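Descriptive analysis of the structure
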Amino acid sequence: VGRMLVNLHGQHEAQALLDEESQRRILDAFGGAGETGARVSATHESLVGVVRQIQSLASRKEEAQKRADYLRHLVREIDDARIVDGEDGRLEEEAHRLEHAEELRSLAAGMARALGGEENAVLHVLGNVQRSLATLQRIDPTLARLQELFDTGFYALEELSRALTDYESGVELDPLRLAEVERRRDLFFRLAKKYGPTLADVLQAAERARAELDLVDTADLDLRQLEHRRRDITERLSEEAARLTARRSDAAVSLAAAVDQLLPELGMADGQAQIVLLTRDEIAASGAEDVEFRVALNKGHHARPLTRVASGGELSRVMLALKTILARLDRVPTLVFDEVDAGIGGRVALHVGDALRRVASHHQVLAITHLPQIAARAHHHITVAKGARGGVTTADTLLVSGEARVTELARMLGGDPESDVSRAHARELLGNADPLPPDHTTPAIDASRTGRRHIARKR
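Treat the numbers as computed from the prediction; the structure is a model and nothing was measured.

What counts as what
Residues numbered from 1 in each chain as written. Predicted model: local features only at pLDDT ≥ 70, side-chain atom pairs only at ≥ 80, totals over all residues. Heavy atoms only, no water. Helix = DSSP H or I, 4+ residues; strand = E, 2+ residues; numbered from the N terminus. Buried < 20%, exposed > 50% of the residue type's maximum accessible area, 1.4 Å probe, protein only. Contact = heavy atoms within 4.5 Å. Areas by Shrake-Rupley, 256 points an atom, 1.4 Å probe, with all protein chains shown as cover. Axes fitted to C-alpha atoms, helices over the stretch in contact; angles between N-to-C directions. Parallel < 35°, antiparallel > 145°, perpendicular 65-115°, else oblique. Left-handed = near helix turned anticlockwise from the far one by under 90°. Nonpolar A, V, L, I, M, F, W, Y, C, P; charged D, E, K, R; others polar. Expected span 1.5 Å × (residues − 1). Phe/Tyr/Trp six-rings, centres within 6.5 Å; stacked < 30°, edge-to-face > 60°. Pairing = 2+ DSSP bridges. Salt bridge = Lys/Arg side-chain N within 4 Å of Asp/Glu carboxyl O.

Now for the overall build of the protein. Helix and strand counts for the protein come out as 16 helices and ten strands. A total of 459 residues make up the protein; the buried ones form 39% of that total. In the protein, once contacts between residues fewer than 6 apart in sequence are set aside, the share between residues at least 24 apart is 71%. Only carbon and sulfur atoms are counted for the fraction: they give 52% of the accessible area of the protein, which is about 26300 Å².

Turning to the packing of helix α4 (residues 68-80) against helix α10 (residues 199-262), a few remarks are in order. Contact pair α4 / α10: the axes reach a minimum separation of 9 Å and the direction vectors enclose 140 degrees. Between α4 and α10, the angle falls in the class oblique. In this structure, α4 crosses over α10, and the sense of that crossing is left-handed. Across the interface between the two elements, Ala 68, Leu 71, Arg 72, Leu 74, Val 75, Ile 78 and Asp 79 from α4 touch Val 202, Ala 205, Ala 206, Ala 209, Arg 210, Glu 212 and Leu 213 from α10. Here the contact of α4 with α10 is built from residues that sort into ten nonpolar, no polar and four charged.

When we look at burial in helix α15 (residues 402-412), the residues that qualify are Arg 405, Val 406, Thr 407, Glu 408, Leu 409, Ala 410 and Met 412. Phi for Gly 414, located one or two positions after α15, is positive at around 95 degrees.

For helix α13 (residues 346-359), spanning 14 residues, the distance from its first C-alpha to its last is 21 Å, which sits close to the expected 20 Å at 1.5 Å a residue. For α13, a buried count of eleven out of 14 residues is recorded, marking the element as mostly surrounded by other parts of the structure. Residues of α13 that are buried: Val 348, Ala 349, Leu 350, His 351, Val 352, Gly 353, Asp 354, Ala 355, Leu 356, Arg 357 and Val 359.

Under the definition given, this model contains two aromatic pairs. A ring pair is formed by Phe 154 and Tyr 155, whose centres lie 6.1 Å apart and whose planes are at 75 degrees; its orientation type is edge-to-face. One aromatic cluster in this structure is built from Phe 150, Phe 154 and Tyr 155.

Strand direction decides the pairing type here: strand β2 (residues 272-284) and strand β3 (residues 287-296), joined by nine bridges, are antiparallel. When the bridges of β3 are listed, Gln 274 appears paired with Arg 294.

On to the pattern of salt bridges. Scanning all chains against the criterion turns up 24 salt bridges. Across the pair Glu 289 and Arg 248 runs a salt bridge whose closest N-O atoms are separated by 2.8 Å. Taken as a pair, Glu 289 in strand β3 and Arg 248 in helix α10 lie far apart in primary sequence, 41 residues in all. Salt bridges sharing partners connect three or more residues here, namely Glu 21, Arg 24, Arg 25, Asp 28, Arg 248 and Glu 289.

All right, on to the sheet that holds β3 then. The strands making up a sheet associate through hydrogen bonds between their backbones, and the pairing can be parallel or antiparallel. Taken in spatial order, the three strands make up an open sheet running β2-β3-β4, and their pairing is antiparallel. Whereas interior strands pair on both sides, the edge strands pair on one side only; in this sheet they are β2 and β4 (304-305). The strands touched by α10 within the sheet are β2 and β3, with β2 carrying the most contacts at an inclination of about 170 degrees.

The following block contains the structure:
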């Protein structure tokens, strides 16, 4: 939310003007090319995505072609095994039974005989128990529940006896089947060792191999479709980039002319700006060209890139000229300039102060400065000084006007604030400022070299 209300321009921000990306953003903002640029960026991203798909598919196709013989062997070997999911577990159980078939039959037969196969077996003994229980019930009819419990146990043991007998007869001593099971388990072990580690992994390996082999057959069609998409997106990108270039070309001429008009007012009477569009070999996300700001700051010199010709003070003034122009387009209501006067002084500082005052006709402007020339151009002057209250450091602000403001400006000028000469100079600086428009109320922020800071408020 803060960025929608306040735009902060720091003392080091002018260095950003040397960055090509920053220059492009400034030009696009001036030319209203934001939406067009966004479409170019989105279309370029789509193109990059399709190109990546083409490269990936072509690479996978080439790799599959190299591995085709191996993949066919892999699929054939696994298919020949006719593996059923979960078969390895079932074979292990069967092998265990076949290996211990004789022991299993012996145990089952023994338990079956103990339950009902002999005269003293459990079921025979329970027959005697049944007769005794019947006698009890004749004497005491309330014992019917005991009969129910007995019947339940007797029938369960009888069922167990039959099940053991059936199990015994079902267990086969089959050496041939055991050998077959072991051969199949060995086959599964070899396949798992090559393509595993589990049988499920073996089946997945076969599926992946089939997919790679399918790629050899279908990749050409898919590549043709992707190439068709690439051509369509490339054509659309060229159209969008051409529209963006047209907007930038118009904006470059207009912005350079607007900067030319402001440079003399900022102490560069012979300054000329030029914005050059450098065509790229390929269209990028930012468009078909790079943007380069050039200036000729002295008479008889050719325009050269800002990075090669501008000093710190000159950069600050060029940035201020751009801010002044862009401020009319900017919807942010408050602009804060934090010591943008670095590297300038004298009469140039007055020009900078006048420029800030003009920006204040469109925005609320706060300027933090050490220069009396800039502070004198403010509509209101606020001092900021460190103090102490209750053992805690404070920052105290004070709105100064009238003679108090004259005293502050005299102090900033470096002379005796009570000297008639210093005060006369301060009054002269104040008197040269443009009058405050009747419908505006605005302050600048100033920091004197004694440590006292000043806020000049403009609007």
